[in-house]
Amino acid sequence: MTEPALDVVGFLLTARTFNDHTELDAGDLPPAVRRAVWDGTEIQRPIVISTEDIREGTAIEDPWGAVSNLMFTERDEFNGELRLAEPSMAESWFLERVSAEAIADNPTLAYVYEEQFEDVSYEAAREENRSIRADRVWIDALLEEYFQEEEDQDMLDLVDIRAPEEIEMTLDDLVLTEDQEDEIQKIVKAIEYRDYLGSIGLREIGKLLFVGPPGTGKTTASRALAEELDLPFVEVKLSMITSQYLGETAKNVDKVFEVAKRLAPCILFIDEFDFVAKTRRSDEHAAIKRAVNTLLKSIDEVSLIRDDVLLIGATNHPDELDAAAWRRFDEIVHFPRPDEDMRREILEVITRRMEIAEFDPGAVAAKTEGLTGSDLRLVLREAVLDALTENRQALTQRDLLDAIAEFEERDSLRGLNMIDDDPAALVAGGGHDHDHDHDH
Ligand SMILES: Nc1ncnc2c1ncn2[C@@H]1O[C@H](COP(=O)(O)OP(=O)(O)OP(=O)(O)O)[C@@H](O)[C@H]1O
Ligand SMILES: [Mg+2]
């Protein structure tokens, strides 16, 4: 639809059709209409459309001006409401002009008109429409609607919210253990069948704890999951919401969960989960204790089945988590330091777009015992930068081996023993913290 009049009439017809067909829900409304009438949790019928709603949803400056000369429209001077005074006349006017694509983009209209257009199906329209809730614009509109106060803004600064389209590394870029793959598959299925799970009373699902040393892909895997499932990703570091506003911490925790529930379906990722344990044990300020209790309670109360929020916690220090926190997760997913095979695969993935003469990932893998995926990326980065200082873009296997040596030297300066056969050390990050910046 390009013509403003057509857009405005389409908007009004959508609202009318939605009011008439109570079996339709928010997922059937196109984003422009939904934004205008959705309060974040439900839609009150009848939906009433004002000129302002249409202006917001369609960017048409003067919606009433666009349709005022049509005989079947009317405007309530008092509240600005636009209506179709002659619905059947409006309908035939609209159907003569509208394109099949426009109907296919609008599940509500597809519901009543699918028969009249080729290649339009309500099912497909609805399926397509869903993901719009994960669009940046949609997320921003929601946040703006619900978190306008200044203190909300302060809190939102502490939370990182990404639309799936903004997530760079996907599951394809990650090398996962079999166990990790299985857990991810389970979650994908649980989300797909969440209505069924709810119907059989299975609610203890959708709270994962990712455990493993720094740089093993916990954050990346969580984000990739959001990308895979087309869900907004809400990320928060516990230390952040705690340290910055001591007195406000409990409120911040509440808000974080509120944000997640508003954006649902979404993934809520809580990083540095061990922070809970630390603060619970030590004799911290009462405000922090209150916050921690709020956190544990919020985790209890949020549900994948009921709220459509998938909760993922992550920690480098599982040993510091106490039973109260541990018990709240229904799956623990281990992110170990990669073994030799996995390192080789990671090297293959991260060098996918690089040109490396005599590249032997197996040999590199054999020489990098104890390094994480993040470390391997650093090694590659060093190799690339070193080559560039010699004005070379093409790398050689030699460059990689040199970069490994450099990396080892750097780590040994920090007193870090990378060769570690003790399997327990694979889990516990304690004493092995590399604080390299491996976020991107
Ligand atoms: N299994 C893996 N496959 C591919 N790349 C990996 C893997 N593990 C880590 N990486 C690389 O390392 C980078 C850092 O990983 P990520 O930030 O997800 O680690 P993390 O476990 O969240 O670490 P931290 O505990 O410090 O937060 C990723 O961007 C990715 O490029
Ligand atoms: Mg991380």
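Above this note sits the structure.
The structure reproduced in this document is the subject of the present report.

Cut-offs used in this document
- Residues numbered from 1 in each chain as written.
- Chains lettered and ligands numbered in written order.
- Predicted model: local features only at pLDDT ≥ 70, side-chain atom pairs only at ≥ 80, totals over all residues.
- Heavy atoms only, no water.
- 1 Å grid on protein atoms, 1.4 Å probe; cavity = no way out; pocket = protein on both sides within 12 Å on 5 of 7 lines; lining within 4 Å.
- Points joined across faces, edges and corners; volume = space filled by probe spheres on them.
- Helix = DSSP H or I, 4+ residues; strand = E, 2+ residues; numbered from the N terminus.
- Nonpolar A, V, L, I, M, F, W, Y, C, P; charged D, E, K, R; others polar.
- Near = heavy atom within 4 Å.
- Polar contact = N/O pair within 3.5 Å; in protein donor to acceptor, adjacent residues only side chain to side chain.
- Areas by Shrake-Rupley, 256 points an atom, 1.4 Å probe, with all protein chains shown as cover.
- Domains from an automatic or database assignment.
- Expected span 1.5 Å × (residues − 1).
- Buried < 20%, exposed > 50% of the residue type's maximum accessible area, 1.4 Å probe, protein only.
- Contact = heavy atoms within 4.5 Å.
- Salt bridge = Lys/Arg side-chain N within 4 Å of Asp/Glu carboxyl O.
- Patch = residues over 30% accessible without salt bridge, like charges linked within 9 Å, V, L, I, M, F, W, Y side chains within 5 Å.
- Lys, Arg positive; Asp, Glu negative; His and termini not counted.
- Pairing = 2+ DSSP bridges.
- Axes fitted to C-alpha atoms, helices over the stretch in contact; angles between N-to-C directions.

Turning our eyes to something else, we now look at empty space enclosed by the protein. Following the criterion strictly, the structure yields two cavities of 30 Å³ or more and no others. By volume, the largest cavity is sized at about 80 Å³. Secondary-structure elements contributing two or more residues to the lining of the largest cavity are helix H14 (238-243), helix H15 (249-263), helix H16 (274-281) and helix H17 (286-301). It is H17 that contributes the most residues to the lining of the largest cavity, four residues altogether. Split into classes, the residues belonging to the lining of the largest cavity amount to nine nonpolar, three polar and no charged.

The immediate surroundings of ligand 1 are formed by 18 residues, with Val175, Lys218, Thr220, Asn316 and Arg377 found nearest. The separation between an oxygen atom of ligand 1 and a polar side-chain atom of Thr220 is 2.4 Å. The protein chains hide 93% of the 630 Å² of surface that ligand 1 would expose on its own. If you list the elements that add at least two residues to the shell around ligand 1, you get helix H13 (218-229) and helix H22 (373-389). Looking at the shell around ligand 1 residue by residue, the class counts come to six nonpolar, nine polar and three charged. Two domains each provide a minimum of three residues to the shell around ligand 1, namely domain 2 (136-334) and domain 3 (340-427).

With twelve residues, H13 extends 17 Å between its outermost C-alpha atoms, agreeing within 8% with the 16 Å of an ideal straight helix rising 1.5 Å per residue. In terms of burial, H13 is a largely internal element, nine of the twelve residues being buried. Tucked into the core, H13 has its buried residues touching strand S3 (159-162), helix H11 (178-192), strand S4 (207-211), strand S5 (233-237), strand S6 (266-271) and strand S7 (309-315). Residue Asp230 follows H13 closely and has a positive phi angle near 60°.

That bond from Arg45 to Pro46 is cis: its omega, -5°, falls within 30 degrees of zero. Among the structural elements, Pro46 can be located in the loop between helix H2 (31-37) and helix H3 (51-58). Residue Ala264 is joined to Pro265 through a cis peptide bond whose omega torsion reads 0°. The backbone phi angle of Ala59 is positive, close to 65°, even though this residue is not glycine. With respect to the helices and strands, the residue Ala59 is situated in the loop between H3 and helix H4 (63-67). Note on Ala59: relative accessible area 65%, which makes it exposed. One non-glycine residue, Glu358, lies in positive phi territory at about 55°. Looking at where Glu358 falls in the secondary structure, it is placed in the loop between strand S9 (356-357) and helix H21 (361-366).

What follows deals with the pattern of salt bridges. Summed over the entire model, instances satisfying the criterion amount to 25 salt bridges. With a shortest N-O distance of 3.0 Å, Arg83 and Glu74 are connected by a salt bridge. Here Arg83 falls in the partly exposed class, since its relative accessible area comes to 32%. Arg344 is the partner of Asp341 in a salt bridge, and the nearest nitrogen-oxygen pair spans 3.3 Å. Placement of both Asp341 and Arg344 in helix H20 (residues 340-350) is noted, with a separation of three residues, approximately one turn of the helix. Of the residues examined, Asp341 reaches a relative accessible area of 47% and is grouped as partly exposed. Three or more residues are tied together by salt bridges with common partners; here these are Asp25, Asp28 and Arg126.

The next subject is a nonpolar patch on the surface. A surface patch of nonpolar side chains, about 410 Å² in accessible area, is lined by Tyr193, Tyr196, Ile200 and Leu202. Its location among the elements puts Ile200 in the loop between helix H12 (194-199) and S4.

Turning our attention to the side chain of Asp271. In this fold, Asp271 is placed in strand S6. The charged side chain of Asp271 is buried without a salt bridge, its nearest counter-charge being Lys237 at 4.5 Å. Contacts of Asp271, omitting those with residues within four sequence positions, involve Thr219, Val236, Lys237, Leu238 and Ala314.

Further remarks concern the sheet that holds S5. A sheet is described by the order of its strands in space; here six strands give the open sequence S3-S5-S6-S7-S4-S8, paired in mixed fashion. Two strands in the sheet have a free side with no partner beyond their single neighbour: S3 and strand S8 (331-334). The average angle at which neighbouring strand axes cross in this sheet is 20°, direction not considered. Note: S6 against S7, five bridges, orientation parallel. Looking across to S7, one finds that Ile270 is bridged to Gly313. Strands in contact with H11 are S4, S7 and S8; relative to S8, the strand with the most contacts, it is inclined by about 145°. In the packing of H15 onto the sheet, contacts are made with S3, S5, S6 and S7, and the angle to S6 comes to roughly 155°.

Function cannot be read off these values alone, since they describe shape.
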